[in-house]
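Each chain, letter by letter, is given below.
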Amino acid sequence: MTKPFRHLLSAFLLLWAGTALAATKEPGEPNPTVDGIDRMALVSLPRAVTKDPAELKLTVDGVERTALFYAPATATKNPAPLVFAFHGHGGGARQAARSFGLHERWPEAIVVYPQGLNTAGKITDPEGKLPGWQMTPEDQGGRDLKFFDALLARLKTDLKVDEKRIYATGHSNGGAFTYQLWAERGKLFAAFAPSAAAYVGIRLANPPPKPVLHFAGENDPLVKYAWQTVMIEAVKKINGCDPKGEPWETKATLFPSAKNAPTVTFVYPGGHEYHKDAPELIVKFFKAHSL
């Protein structure tokens, strides 16, 4: 890809940064690092093996990054599924934990809610006063891909992660970053579940086929439904899906895949909100797929 085209793509993708509730970042001093990744625990991971969340702090490229996570008591001895859940632009880890509630519906899994950094958007928050996620692999110096890499490495070091059952989901800007993880780190994941999201770079990356569950509001004023339908068609093409769908759960449509990578769409007559049925369906979908 040429440099001018990458710049054009970056500008275009920034238009798809959604909005959510704002969240505050707790201050803290950076930790000593090796190769940009924190090697000293500010929070002992075994303390998080309870029903309450723990905050994990890492320093990546000299910047402190945080995430909330839940883990079952068995995760220190037995491999557990791992779910990454990304908030939308303007949201935060605590807000995502409340809204998504995936840890409540899948207590046997390790569920991580990463916290984004302040990121400018074209439609909303042009000054970058609210947290979000990079929109292309080159955007923000790749800071959030590096953050993901550091989180995964740390969790695999301190807990038992089932490497055949790693998943990602997110809403709006977090959903776009979920698609970016498929494009850039696809081999690591068993399935994805983006909501109110689109990411043009998926077609350029040509990622490995993966099961995808996509949520879309027909009246979305930010990430237009027309954009999302283009995204869904691209996903179905990558996954080698049958053009004719069949019912899946309530109001969802499953498109079978010749590559063992079905695409499911959940289209509702709403806007940019996170659908109330999403958490239950995401957990059901993830449980059905592994590497």
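Fair warning: this is a prediction, and the values are worked out from it, not measured in the lab. (Residues numbered from 1 in each chain as written. Predicted model: local features only at pLDDT ≥ 70, side-chain atom pairs only at ≥ 80, totals over all residues. Heavy atoms only, no water.)

So, on to the overall build of the chain. Counting secondary structure elements, the chain contains eight helices and 14 strands. Across the chain, every contact between residues at least 6 apart in sequence was considered, and the portion connecting residues at least 24 apart equals 65%. (Helix = DSSP H or I, 4+ residues; strand = E, 2+ residues; numbered from the N terminus. Contact = heavy atoms within 4.5 Å.)

The next point concerns the sheet that holds strand β9 (residues 161-171). Strand order in the open sheet made by the ten strands is β3-β4-β6-β5-β9-β10-β11-β14-β13-β12, with mixed pairing throughout. Unpaired on one side and paired on the other, β3 (54-60) and β12 (246-248) mark the two borders of the sheet. Each strand axis lies, on average, 25° off the axis of its neighbour in the sheet, ignoring direction. Of the pairings in the sheet, the one linking strand β10 (residues 191-195) to strand β11 (residues 212-217) comprises two bridges and is parallel in character. Bridging from a neighbouring strand, F192 pairs with V212 of β11. Sheet strands touched by helix α2 (residues 93-100): β4 (63-70), β5 (80-86), β6 (110-114) and β9. Its angle to β6, the strand with the most contacts, is close to 135°. (Pairing = 2+ DSSP bridges. Axes fitted to C-alpha atoms, helices over the stretch in contact; angles between N-to-C directions.)

Of note in the backbone geometry, D61 takes a positive phi value of approximately 55° without being a glycine. Within the secondary structure, D61 sits in the loop between β3 and β4. Unlike most non-glycine residues, D125 shows phi in positive territory, near 50°.

Residue-level pLDDT values for the chain average 85, and 82% of them are 70 or greater. Between residues 1-49, whose pLDDT stays under 50, and residues either more than four places distant or in other chains, the model counts 111 contacts. (pLDDT = per-residue confidence, 0-100.)

It is worth spelling out helix α4 (residues 143-158) at this point. Over its 16 residues, α4 extends 23 Å from the first C-alpha to the last, a length consistent with the 22 Å expected when each residue adds 1.5 Å. For α4, the set of buried residues is R143, D144, L145, F147, F148, A150, L151, L152, R154 and L155. (Expected span 1.5 Å × (residues − 1). Buried < 20%, exposed > 50% of the residue type's maximum accessible area, 1.4 Å probe, protein only.)

The next thing to look at is the nonpolar core. Membership of the largest hydrophobic core comes to 43 residues, with the highest contact counts inside it found for L82, F84, I110, V112 and L181. Among the elements of the structure, β3, β4, β5, β6, α4, β9, α5 (173-185) and α7 (225-238) are those that each provide at least two residues to this core. At seven residues, α4 tops the list of elements feeding residues into this core. With residues up to four places along the chain from it excluded, the contact list for I110 reads Y70, A71, P72, A75, A80, P81, L82, V83, L159, K160 and V161. Grouped together as the second largest cluster of nonpolar side chains are 32 residues, L68, A85, A191 and A252 included. (Core = buried A, V, L, I, M, F, W, Y, C linked by side-chain atoms within 4.5 Å.)

This next bit is on the packing of α4 against α5. At a minimum axis distance of 11 Å, the contact between α4 and α5 shows a crossing angle of 75°. Taken together, the axis directions place α4 and α5 in an arrangement best described as roughly perpendicular. Only F177, Q180, L181, E184 and R185 of α5 make contact with α4, whose side of the interface consists of D144, L145, F148 and D149. Grouping the constituent residues of the contact of α4 with α5 by class yields four nonpolar, one polar and four charged. (Parallel < 35°, antiparallel > 145°, perpendicular 65-115°, else oblique. Nonpolar A, V, L, I, M, F, W, Y, C, P; charged D, E, K, R; others polar.)

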